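Now for the letters of each chain:
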Amino acid sequence: TQLLEQSPQFLSIQEGENLTVYCNSSSVFSSLQWYRQEPGEGPVLLVTVVTGGEVKKLKRLTFQFGDARKDSSLHITAAQPGDTGLYLCARGAQKLVFGQGTRLTINP
Amino acid sequence: DVKVTQSSRYLVKRTGEKVFLECVQDMDHENMFWYRQDPGLGLRLIYFSYDVKMKEKGDIPEGYSVSREKKERFSLILESASTNQTSMYLCASSSPGGRGGNQPQHFGDGTRLSIL
């Protein structure tokens, strides 16, 4: 199983601040998915990135796939309490391998 | 919207019991998956199935089995529950997708299982 390392594991910031979380691998991957899991619910897909250097935006969330396709980042601008949750990256096609997640808390 | 339904949100069982976790999806997806989620470890794949009556081992199949008699239903079985199987269990489904796959997985809300 090829590992995905996510950092940081925990992040607690104030509402309105910006943040970036990372997902890294030692090997190239063809695509990467980002999921968010809110307390008491299952993960929900946010975005899939497939091309090296690709940038995708989802409102205040910006996802980037590294040029070498070994890493990805998620940047949140002006974080809000509703962004609180566990952010998971996953690689693979039909069968996914997940990182351990970044638990994000946005304090009002 | 895809709906993946897990039969129980919370379950408490005793060591040595045979435990059944049920999952049903309503989108005619071929693929179904069972994961367990533990703090700091992310989601780890237990078993998956690409079609009815087909099953394949994931990364941590020991102590578990599965059953897929109908396309919409995928059951996870703990043959003889042990305390180290206390965890959150998540079921997911997806369609096969094209050559690159990249199909999103749709998750249920999980079953928090405690083995005493």
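Look above for the structure.
Enquirer: So what exactly am I meant to see when it comes to the overall build of chain A here?
Expert: The helix and strand inventory of chain A stands at zero helices and eleven strands. Ordering the α and β elements of chain A from the N terminus gives β-β-β-β-β-β-β-β-β-β-β. Computed over the C-alpha atoms, the radius of gyration of chain A is 13 Å, within 12% of the 13 Å expected from 2.2 N^0.38 for a compact globule of 108 residues. Considering only C-alpha atoms, chain A reaches an extent of 40 × 25 × 20 Å along its principal axes. Evaluated residue by residue, chain A yields a buried proportion of 46% over its 108 residues. When contacts within chain A are restricted to residue pairs at least 6 apart in sequence, those whose partners lie at least 24 apart make up 53%. Carbon and sulfur atoms make up 49% of the accessible area of chain A, which amounts to about 5000 Å² in all. Across chain A, the centroid of the 10 positively charged side chains sits 7 Å from that of the 9 negatively charged ones.

Enquirer: Where do I start with the state of the cysteines in this structure?
Expert: Linking two cysteines covalently via their sulfur atoms produces the bond known as a disulfide. All names here are of chain A. Counted by the stated rule, this structure contains two disulfides over all chains. A sulfur-sulfur distance of 2.0 Å marks the disulfide that ties Cys23 to Cys89. One disulfide, between Cys23 and Cys89, carries an S-S torsion of 80 degrees and so falls in the right-handed class. Of the two residues, Cys23 sits in strand β3 (residues 19-24) while Cys89 sits in strand β9 (residues 85-92), which places them 66 residues apart along the sequence. The same class applies to Cys23 as to Cys89, namely buried.

Enquirer: Whenever I open this one, the pattern of salt bridges confuses me. Can you help?
Expert: Should the charged atoms of two oppositely charged side chains come close, the side chains can pair. Applying the stated criterion across every chain, the model contains nine salt bridges over all chains. Lys56 of chain A is the partner of Glu54 of chain A in a salt bridge, and the nearest nitrogen-oxygen pair spans 3.7 Å. Classification of Lys56 of chain A by relative accessible area gives partly exposed; the value is 30%. A salt bridge links Glu69 of chain B to Lys53 of chain B; the nearest nitrogen and oxygen atoms lie 2.4 Å apart. Highlighted residues: Glu69 of chain B in strand β7 (residues 64-70) and Lys53 of chain B in the loop between β5 (42-49) and β6 (56-57), separated in sequence by 16 residues.

Enquirer: Please clarify how the sheet that holds strand β7 (residues 61-65) of chain A should be interpreted in this entry.
Expert: Remark on secondary structure: sheet strands pair via backbone hydrogen bonds, oriented parallel or antiparallel. Residue and element names in this part refer to chain A. Spatial ordering of the open sheet is given by β1-β3-β8-β7-β6, a layout of five strands whose pairing is antiparallel. What marks the edges here is a single partner per strand, and that holds for β1 (5-7) and β6 (55-58). Strand-to-strand twist in this sheet, taken as the mean axis angle between neighbours without regard to direction, amounts to 15 degrees. One ladder, built from six bridges, connects β3 with strand β8 (residues 71-76); its direction is antiparallel. Each residue of the ladder has a partner; that of Thr20, found in β8, is His75.

Enquirer: Even after reading the chapter, I still don't get the packing of aromatic side chains, so can you show me in this structure?
Expert: Working definition: an aromatic ring pair is given by the centre-to-centre distance plus the angle between the planes. Within the structure shown, the criterion is met by eleven aromatic pairs over all chains. Geometrically, the ring pair formed by Phe33 of chain B and Phe48 of chain B is stacked, given 6.2 Å between the ring centres and 20 degrees between the ring planes. Here Phe48 of chain B lies in strand β5 and Phe33 of chain B lies in strand β4 (residues 31-38), a separation of 15 residues in the sequence. There is no split in this pair, since Phe33 of chain B and Phe48 of chain B are both buried. Chaining the aromatic ring pairs together yields one cluster made of Tyr35 and Phe98 of chain A together with Phe33, Tyr35, Phe48, Tyr50 and Phe107 of chain B.

The rules behind these values
Residues numbered from 1 in each chain as written. Chains lettered and ligands numbered in written order. Predicted model: local features only at pLDDT ≥ 70, side-chain atom pairs only at ≥ 80, totals over all residues. Heavy atoms only, no water. Helix = DSSP H or I, 4+ residues; strand = E, 2+ residues; numbered from the N terminus. Rg over C-alpha atoms; globule rule 2.2 N^0.38 Å. Buried < 20%, exposed > 50% of the residue type's maximum accessible area, 1.4 Å probe, protein only. Contact = heavy atoms within 4.5 Å. Areas by Shrake-Rupley, 256 points an atom, 1.4 Å probe, with all protein chains shown as cover. Lys, Arg positive; Asp, Glu negative; His and termini not counted. Charge placed at Lys NZ, Arg CZ, Asp CG, Glu CD. Disulfide = S-S within 2.5 Å. Salt bridge = Lys/Arg side-chain N within 4 Å of Asp/Glu carboxyl O. Pairing = 2+ DSSP bridges. Axes fitted to C-alpha atoms, helices over the stretch in contact; angles between N-to-C directions. Phe/Tyr/Trp six-rings, centres within 6.5 Å; stacked < 30°, edge-to-face > 60°.

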